[in-house]
Amino acid sequence: MDKDSQWWQQAVIYQIYPRSFNDSNGDGIGDLQGIIDRVDYLEQLGVDAVWLNPVYQSPNDDNGYDISNYRSIMDEFGTMKDMDKLLETFHDHGIKVIMDLVLNHTSDEHPWFINSRSSKNSQYRNYYIWKPGTDEGPPNNWTSAFGGSAWEYDPQTEEYYLHLFSRKQPDLNWENPDLRQDLYQMINWWLEKGIDGFRLDVINFISKNQNFPDGQPGEAVGKEHYANGPRIHEFLSEMAEKTFDKHRAMAVGETPFLTSDQALDFVGEDSNELDMVIPFEPLELDRIDRENWQIRDWELRELKNIISSWQRKLQEKNGWVSLYFNNHDQPRIVSRYGDDNQYHRQSATMLATLLFTLRGTPFIYQGEEIGMTNTEFSGLDDFDDIGTRNFVREAREAGQLNREEILRLASYLSRDNARTPKQWDDSRYAGFTTGQPWLKVNPDYPCINVKKALADQDSILHYYKKLIKLRKKYPSLVYDEYRLLLEDDPILFTYLRRYQDQTIGVILNFVGDKTPDERLPGKFAVADRELLLGNYGDDPNLSENLRPYEARIYKL
Ligand code: TEU
Ligand code: CA
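Quick caveat: nothing in here was measured; it's all calculated off a predicted structure.

Student: So what's going on with the overall build of the protein chain? Which residues, and what values?
Tutor: Along the backbone of the protein chain there are 15 helices and 20 strands. Against the globule reference of 24 Å for 556 residues, the protein chain gives a C-alpha radius of gyration of 23 Å, in line with a compact fold. Counting only C-alpha atoms, the protein chain reaches 75 × 50 × 50 Å along its principal axes. The contacts in the protein chain between residues at least 6 apart in sequence include a share of 69% that link residues at least 24 apart. Carbon together with sulfur atoms contributes 43% to the accessible area of the protein chain, which is approximately 21500 Å² in total. Across the protein chain, the 62 positively charged side chains and the 92 negatively charged ones have centroids separated by 3 Å.

Structure follows, in structure tokens:
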């Protein structure tokens, strides 16, 4: 059990999007004091750590993922004093604090970039990636995640710089050892303050193929030349050695385009790079292509396949993953893989049951624990997120989709769905602020809010609390074996978890219909089976039909 005794393996982590969590001073923007004010709520929920989205100084072109000073706090969120107080308060309540760190790019307003673009001879020129253009214009055909070319021409020095995200997010040049040393120093500066770990933004993008060849056409053109690039493992192990290891801090890597086969190179027991990775595949089933914003129908079998291959693969070499269904980039899961209408409670709790009974560390995104849903957008000007706004603009220019179609796709896929203010109660603006919120509150707040959920013993919130407790009690929910049953069943997701001599069985009904009992395998028909938790409360005979979105966890 030694290899398994890291605190974060048994932990449940709660993600806070500070802008939308709680506003303490009525300016309509969530802030650090607002987070401090809710520490009791998080403690009673039972989470072990919080991960804060970026709180550093930023011009907010991409809501804090464009950092202009790594060592100071965004004015709207408060001061470094507030940050120190947050850390102290959370530690007093036994909750660890994980910060978000963006090392692939900075803001174009970071002093490094201002200096870098000023002259080809600048001491900071090679902190970023500059190239001369070609006859066609940009150095190659790579595209930005937010639309258009990944290269921006800068008239000052007549060269292009690379930006895999917005043009206000220039990519850092990790080939430069001076840059790497500066980043490590900054990381250590935070770790010395007592931060417990980091979530590393798009960390598998930091090493680019230095020939900068054209990419294959398709989604994210160029990705085969920068996702998991040539020196990625060298850079990550150097960083771990110079920073996290010395402080025994946790490092979680956000890793788009990573497959389960590649994951062990980052988190397997014979690599020393990251403690866990954040997979994307389980959340890509309902979209064909992120860049072109196309959606599709999907089948449960696909989800079972993806989850099962990640579970099996990572266990081979004791690698670890983050388990999540929501974050600040994802539309709300209950509106995607569940039913946010007729079976809101049932489907939200069923999906949560899946998350909390797999091998890995569950991450709850703010509002998920009360079943927050996608919001309503009334027009094409209603969107705030840079990615959505660019999609709307480009789609209108291309003229292939009509207004309704664009609105339908943007409403379903927009990151704004995740970013609407946290719904605390049924007062005006859902108790998030006394002022005018920066982003419209979801109109369903009178129905879905924390106050109401706390008062109802059968709420989604109370179910999450039970799941958190259960995970602490049964190591077989955390470690070791995962075995899928009924592999081809199109409706049921059923599996066993086993650790030492303890076996747990999970049955999930993924549809809003009753499901005939004969699908259930004999494994569950043991006489002394005990229902540990079910989202309908009772434990009917196994010969009874499963009810819509029913979830049951058995000790076998
Ligand atoms: O997201 C990385 C990522 O893969 C995004 O391109 C994602 O696919 C996109 O949000 C979909 O529209 C991280 C952060 O989580 C995100 O908030 C940032 O915008 C992005 O990096 C750039 O820092
Ligand atoms: Ca505020």
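Student: Summarise the packing of helix H8 (residues 260-267) against helix H9 (residues 300-316); cite the residues concerned and give the values.
Tutor: Closest axis-to-axis distance for the H8/H9 pair is 9 Å, and the angle between their directions is 35°. As for the relative orientation of H8 and H9, their crossing is right-handed in sense. Along the contact surface, H8 presents Ser260, Asp261, Ala263, Leu264 and Val267, while H9 presents Ser309, Trp310, Lys313, Leu314 and Glu316. Its residues assigned to classes, the contact of H8 with H9 shows five nonpolar, two polar and three charged.

Student: How would you summarise the coordination of the calcium ion (ligand 2) if you had to cite specific residues and measurements?
Tutor: Reference values for angles at a metal are 109.5 degrees in the four-donor tetrahedral case and 90 or 180 degrees in the six-donor octahedral case. Looking at the calcium ion (ligand 2), the protein donor atoms are Asp23 (OD), Asn25 (OD1), Asp27 (OD), Ile29 (O) and Asp31 (OD), and they sit 2.2 to 2.4 Å from it. Donor residues binding the calcium ion (ligand 2) come from one chain and are separated in sequence as D-x1-N-x1-D-x1-I-x1-D. Per residue, the accessibility class of aspartate 23 equals that of aspartate 31, and both read buried.

Student: Help me get a handle on the sheet that holds strand E8 (residues 159-162), residues and values and all.
Tutor: Taken in spatial order, the three strands of this open sheet run E6-E8-E7, and their pairing is antiparallel. Every other strand in the sheet has two partners, leaving strand E6 (130-131) and strand E7 (151-154) as the edge strands with one partner each. Where E6 and E8 come together, two bridges link them in antiparallel fashion. Bridged to tryptophan 130 within E8 is tyrosine 161.

Student: Which residues make up the packing of aromatic side chains, and what values do they have?
Tutor: Inspection of the entire model under this criterion finds 36 aromatic pairs. On the numbers, 6.0 Å between centres and 65° between planes, the contact of tryptophan 151 with phenylalanine 212 is edge-to-face. With tryptophan 151 in strand E7 and phenylalanine 212 in the loop between strand E9 (197-200) and helix H6 (232-242), the pair connects residues that are 61 residues apart, well separated along the chain. What makes tryptophan 151 buried here is its relative accessible area of 4%. An angle of 40° between the planes, with centres 6.3 Å apart, marks the rings of phenylalanine 493 and phenylalanine 510 as tilted. One end of the pair, phenylalanine 493, is in strand E17 (residues 492-499); the other, phenylalanine 510, is in the loop between strand E18 (502-509) and strand E19 (530-534), with 17 residues separating them in the sequence. A residue is classified by how much of its surface remains accessible, and phenylalanine 510, at 8% relative accessible area, is buried.

Student: I'd like to hear about the environment of asparagine 173, residue by residue, with values.
Tutor: With respect to the helices and strands, asparagine 173 occurs in the loop between E8 and helix H5 (177-193). For the pair asparagine 173 and tyrosine 161, spaced 12 residues apart in the sequence, the C-alpha separation amounts to 11 Å.

Student: Explain the pattern of salt bridges to me, and be specific about the residues and the numbers.
Tutor: Should the charged atoms of two oppositely charged side chains come close, the side chains can pair. If you walk through the whole model with that rule in mind, you get 36 salt bridges. A salt bridge links lysine 440 to aspartate 382, with the shortest nitrogen-to-oxygen separation between them at 3.4 Å. In this pair, lysine 440 is assigned in the loop between helix H13 (416-419) and helix H14 (450-455) and aspartate 382 in the loop between strand E15 (361-365) and helix H11 (386-398), connecting sequence segments 58 residues apart. With relative accessibility at 55%, the residue lysine 440 sits in the exposed group. Linking glutamate 550 and arginine 547 is a salt bridge whose minimum nitrogen-to-oxygen distance equals 2.9 Å. It is possible to trace a salt-bridge network through shared partners that takes in Asp62, Asp329, Asp385, Arg415 and Arg419.

Student: I'd like to hear about the side chain of serine 476, residue by residue, with values.
Tutor: Among the secondary structure elements, serine 476 is positioned in the loop between helix H15 (460-473) and strand E16 (481-485). Serine 476 gets classed as buried once you look at its relative accessible area, which sits at 0%. Within the local environment of serine 476, its side chain forms a polar contact with the side chain of glutamine 502, the two groups lying 2.3 Å apart. Excluding its chain neighbours within four sequence positions, the residues that come into contact with serine 476 are Arg497, Arg498, Tyr499, Gln502 and Ile504.

Student: Please set out H8 residue by residue, giving values where relevant.
Tutor: Every buried residue of H8 is accounted for by Ser260, Ala263, Leu264, Phe266 and Val267. All buried residues of H8 project into a common sector of 160° when viewed along the axis, lining one side.

Student: Tell me about the packing of helix H3 (residues 80-92) against H5, and please be specific about residues and values.
Tutor: For the pair H3 and H5, interaxial distance at closest approach is 11 Å and the crossing angle is 55°. As the angle between them shows, H3 and H5 are arranged oblique. For the pair H3 and H5, contact is made by Met80, Met83, Asp84 and Leu87 and by Trp189, Trp190 and Lys193, respectively. When the residues that make up the contact of H3 with H5 are grouped by side-chain class, the tally is five nonpolar, no polar and two charged.

Student: Would you mind going over the pairing of E16 in detail, with residue names and values included?
Tutor: Pairing of E16 with E17, which is carried by five bridges, proceeds in the antiparallel orientation. Following the sheet pairing, leucine 484 is matched in E17 by tyrosine 495. Counting the residues that bridge the hairpin from E16 to E17 gives six residues, and of these leucine 486 lies at a positive phi of roughly 45°.

Rules of the game
Residues numbered from 1 in each chain as written. Chains lettered and ligands numbered in written order. Predicted model: local features only at pLDDT ≥ 70, side-chain atom pairs only at ≥ 80, totals over all residues. Heavy atoms only, no water. Helix = DSSP H or I, 4+ residues; strand = E, 2+ residues; numbered from the N terminus. Rg over C-alpha atoms; globule rule 2.2 N^0.38 Å. Contact = heavy atoms within 4.5 Å. Areas by Shrake-Rupley, 256 points an atom, 1.4 Å probe, with all protein chains shown as cover. Lys, Arg positive; Asp, Glu negative; His and termini not counted. Charge placed at Lys NZ, Arg CZ, Asp CG, Glu CD. Axes fitted to C-alpha atoms, helices over the stretch in contact; angles between N-to-C directions. Left-handed = near helix turned anticlockwise from the far one by under 90°. Nonpolar A, V, L, I, M, F, W, Y, C, P; charged D, E, K, R; others polar. Donors = N, O, S within 2.8 Å, 3.2 Å for Na, K, Ca; no water. Buried < 20%, exposed > 50% of the residue type's maximum accessible area, 1.4 Å probe, protein only. Pairing = 2+ DSSP bridges. Phe/Tyr/Trp six-rings, centres within 6.5 Å; stacked < 30°, edge-to-face > 60°. Salt bridge = Lys/Arg side-chain N within 4 Å of Asp/Glu carboxyl O. Polar contact = N/O pair within 3.5 Å; in protein donor to acceptor, adjacent residues only side chain to side chain. Arc of directions from axis to C-beta. Parallel < 35°, antiparallel > 145°, perpendicular 65-115°, else oblique.

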